[in-house]
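Descriptive analysis of the structure
Here are the chains, one letter per residue:
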Amino acid sequence: MKIICPTCNKTYQIQDDKFSSPRAKATCKNCGGIIVIEAPGAVRAEGSEESLPRRRQAIPSPDGNAILVGILDDFPQLRQIPSDRVALKEILSPDKKGRYKTRKNKLKVKILMAVSEVMDKALKHGERVVRIGKGTAYYPAELFLGNGWLTMMYNHYAILATDQRLLFLNINSRMKRTTHYLFQILYEDIEKVKRGMLGSLVFLRKRSKRRVFTNVSRHMSRELKDFIAEKAANFTGPPREVLENICPSCFVPLEKGLTVCPTCRASFKEPKKASLRSLVLPGLGDLYLGHRALGTLELVGSVLVWTYALTLIMYGQREGLFVALFVLIFYNGMDGILTYFMAKKGYMLA
């Protein structure tokens, strides 16, 4: 008897003497769907609601197609992401009822969709994303420099743990798209990874400075920590050169301090130019870097400071004038330093 699954069209050959009743049920090993077999071999899909949980919980074939079908049913937007680039079956996990549409998975899917276009270009040939997360890069210097707390809106990163390295893609605070910086950390450079307080993920490295990411979801930080620790401990092969920054045009790892990519000849925005703009008028440097919200706020602050200074000059108040000039120099100087620091965090296309 020839049996065809009405869901995935998988064909099976079954001996007639295997069935003693005129009607029987079987589970498709390819997609997990329920097949109802009726004499003389008619096939139809079980359409009742009770068949859906069985389909979700069906034991898949070795290639895991049943799991992938369940994931794509709940998140059809993931169909645009090639399965050979992202290990969806390892990143997303079902709940106790076999459902994938959970709060945890929704967050992961949102991150994947935000970085999908850049991720596909940044991944090397044969490289796959196996774990995913999202965190905020912690830079103490930014918090120390006056309005540094405003820069936190530009420090959100998607954390992609692939089978070869860690990729960090800068995303906006609403997790809708990628923005500026991207860099990598090699597994062989990781001495230890640990979870800290308030959802932080800390990377202690052998040849580079440590990296700290805060506001990482507990379940994501746990999954990332276990996976990264295993990859770092089991790394074999000669150590590679530690090149952290990545060209945002051709996605080749680069040394620091370049103004032009030696591979694709793309030009980068320069920290000195950004800093000089902020020294002249705070906000101009951030606008140059593409930080529109931060640059606009700083420009408003600059206008207020300059208005105060000019008012004192007009009324001839010398004592107040010195105070205004000190505030002006301090404000411009701090913003110049902060802008320089932000520009050096990674390469940005000019």
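See the structure above.
Report follows, based on the coordinates. Remember, predicted model here, so these are calculated numbers, not experimental data.

Some points on the state of the cysteines
In this structure the tally under the stated criterion is 0 disulfides. There is no disulfide at Cys261, and the cysteine sulfur nearest it, in Cys250, is 3.6 Å away.

Focus: the environment of Thr151
Inspection of the secondary structure assignment puts Thr151 in the loop between helix H5 (140-144) and strand S7 (156-162). By relative accessible area, Thr151 is classed as buried at 0%. Linking Thr151 and His291, residues 140 residues apart in sequence, is a C-alpha distance of 8.9 Å. Beyond its immediate sequence surroundings of up to four residues, Thr151 is in contact with Glu142, Leu294, Leu338 and Met342.

Re the side chain of Asp335
Structurally, Asp335 is set in helix H10 (residues 318-343). The charged side chain of Asp335 is buried without a salt bridge, its nearest counter-charge being Arg277 at 11 Å. A polar contact of 3.1 Å, which involves the side chain of Asp335, links it to the side chain of Ser278.

Observations concerning the packing of helix H4 (residues 103-122) against helix H6 (residues 218-233)
Where H4 contacts H6, the axes come no closer than 10 Å and their chain directions differ by 70°. Here H4 lies roughly perpendicular to H6, going by the angle between them. When H4 is examined against H6, the residues Lys104, Leu107, Lys108 and Ile111 are found in contact with a partner set consisting of His219, Met220 and Glu223. Of the residues in the contact of H4 with H6, the class split is 3 nonpolar, 1 polar and 3 charged.

Comments concerning the side chain of Ser221
Along the chain, Ser221 turns up in helix H6. A relative accessible area of 2% means that Ser221 is categorised as buried. A polar atom in the side chain of Ser221 sits 2.9 Å from the backbone oxygen of Arg218. Among all residues touching Ser221, those that are not within four sequence positions of it are Arg195, Leu201 and Val216.

Thoughts on unusual backbone geometry
One non-glycine residue, Met175, adopts positive backbone phi at about 55°. Mapped onto the elements of the fold, Met175 is located in the loop between strand S8 (165-171) and strand S9 (178-186). Despite not being glycine, Arg265 has its phi angle at roughly 65°, a positive value. Topologically, Arg265 is positioned in the loop between strand S14 (253-254) and helix H7 (271-280). Residue Arg265 is classed as exposed on the basis of its relative accessible area, which comes to 57%.

Describing the pattern of salt bridges
Inspection of every chain in the model, using the stated rule, returns 12 salt bridges. In this structure, the salt-bridge partner of Lys121 is Glu117, at a minimum N-O distance of 3.8 Å. Highlighted residues: Lys121 and Glu117, both in helix H4, separated by 4 residues, approximately one helical turn. Across the pair, exposure class does not vary: Lys121 and Glu117 are exposed alike.

Some thoughts on the nonpolar core
One recurring pattern in soluble globular proteins: nonpolar side chains tend to sit buried together. In this structure, Leu78, Met119, Leu166, Phe168, Phe203, Phe213 and Ile228 are the most contacted members of the largest nonpolar core, which totals 62 residues. Those residues in contact with Met119, other than ones at most four positions away along the chain, are Ile81, Val86, Leu112, Val129, Leu160 and Leu169.

A closer look at a nonpolar patch on the surface
A surface patch of nonpolar side chains, about 520 Å² in accessible area, is lined by Tyr308, Val323, Phe326, Val327 and Phe330. Examined against the element boundaries, Tyr308 turns out to sit in helix H9 (residues 292-314).

Some words on H4
The terminal C-alpha atoms of H4, which comprises 20 residues, lie 28 Å apart, in line with the 28 Å expected from a rise of 1.5 Å per residue. Within H4, burial applies to Asn105, Lys108, Val109, Ile111, Leu112, Ala114, Val115, Ser116, Val118, Met119 and Ala122.

Overview of the packing of aromatic side chains
Centre-to-centre distance and the angle between the planes together describe a pair of aromatic rings. Applying the stated criterion across every chain yields a total of 9 aromatic pairs. Ring centres of Tyr139 and Phe341 lie 5.7 Å apart, and the angle between their planes is 80°; on these two criteria the pair is classed as edge-to-face. Of the two residues, Tyr139 sits in the loop between strand S6 (129-137) and H5 while Phe341 sits in helix H10, which places them 202 residues apart along the sequence. The interplanar angle of 80° and the centroid separation of 6.0 Å between the aromatic rings of Tyr157 and Phe213 together place this pair among those described as edge-to-face. Remark: Phe213 occurs in strand S12 (residues 211-214) and Tyr157 occurs in strand S7; sequence separation between them is 56 residues.

What about the environment of Arg240?
The residue Arg240 is located in the loop between H6 and strand S13 (245-246) in this model. Separated by 51 residues in the primary sequence, Arg240 and Asp189 have C-alpha atoms spaced 8.8 Å apart. In this view, Arg240 contacts Lys124, Gln164, Leu186, Glu188, Arg207 and Phe235; residues no more than four positions away in its chain are not counted. Only 2.6 Å separates the side chain of Arg240 from the side chain of Glu188, close enough to count as a polar contact.

Quick notes on the pairing of strand S11 (residues 201-205)
One face of the sheet, then the other: side chains in a regular strand alternate in exactly this way. In terms of residue burial, S11 counts as a mostly covered element, since 4 of its 5 residues are buried. Looking at chain direction, strand S10 (residues 190-195) and S11 are connected through 5 bridges and run antiparallel. In the strand pairing of S11, Ile190 is matched with Arg205. Where S10 folds back onto S11 in an antiparallel hairpin, the turn is made up of 5 residues, including Leu198, whose phi is positive at roughly 60°.

Calculation notes
Residues numbered from 1 in each chain as written. Predicted model: local features only at pLDDT ≥ 70, side-chain atom pairs only at ≥ 80, totals over all residues. Heavy atoms only, no water. Disulfide = S-S within 2.5 Å. Helix = DSSP H or I, 4+ residues; strand = E, 2+ residues; numbered from the N terminus. Buried < 20%, exposed > 50% of the residue type's maximum accessible area, 1.4 Å probe, protein only. Contact = heavy atoms within 4.5 Å. Lys, Arg positive; Asp, Glu negative; His and termini not counted. Salt bridge = Lys/Arg side-chain N within 4 Å of Asp/Glu carboxyl O. Polar contact = N/O pair within 3.5 Å; in protein donor to acceptor, adjacent residues only side chain to side chain. Axes fitted to C-alpha atoms, helices over the stretch in contact; angles between N-to-C directions. Parallel < 35°, antiparallel > 145°, perpendicular 65-115°, else oblique. Nonpolar A, V, L, I, M, F, W, Y, C, P; charged D, E, K, R; others polar. Core = buried A, V, L, I, M, F, W, Y, C linked by side-chain atoms within 4.5 Å. Patch = residues over 30% accessible without salt bridge, like charges linked within 9 Å, V, L, I, M, F, W, Y side chains within 5 Å. Areas by Shrake-Rupley, 256 points an atom, 1.4 Å probe, with all protein chains shown as cover. Expected span 1.5 Å × (residues − 1). Phe/Tyr/Trp six-rings, centres within 6.5 Å; stacked < 30°, edge-to-face > 60°. Pairing = 2+ DSSP bridges.

Interpretation in functional terms is not warranted from these geometric data alone.
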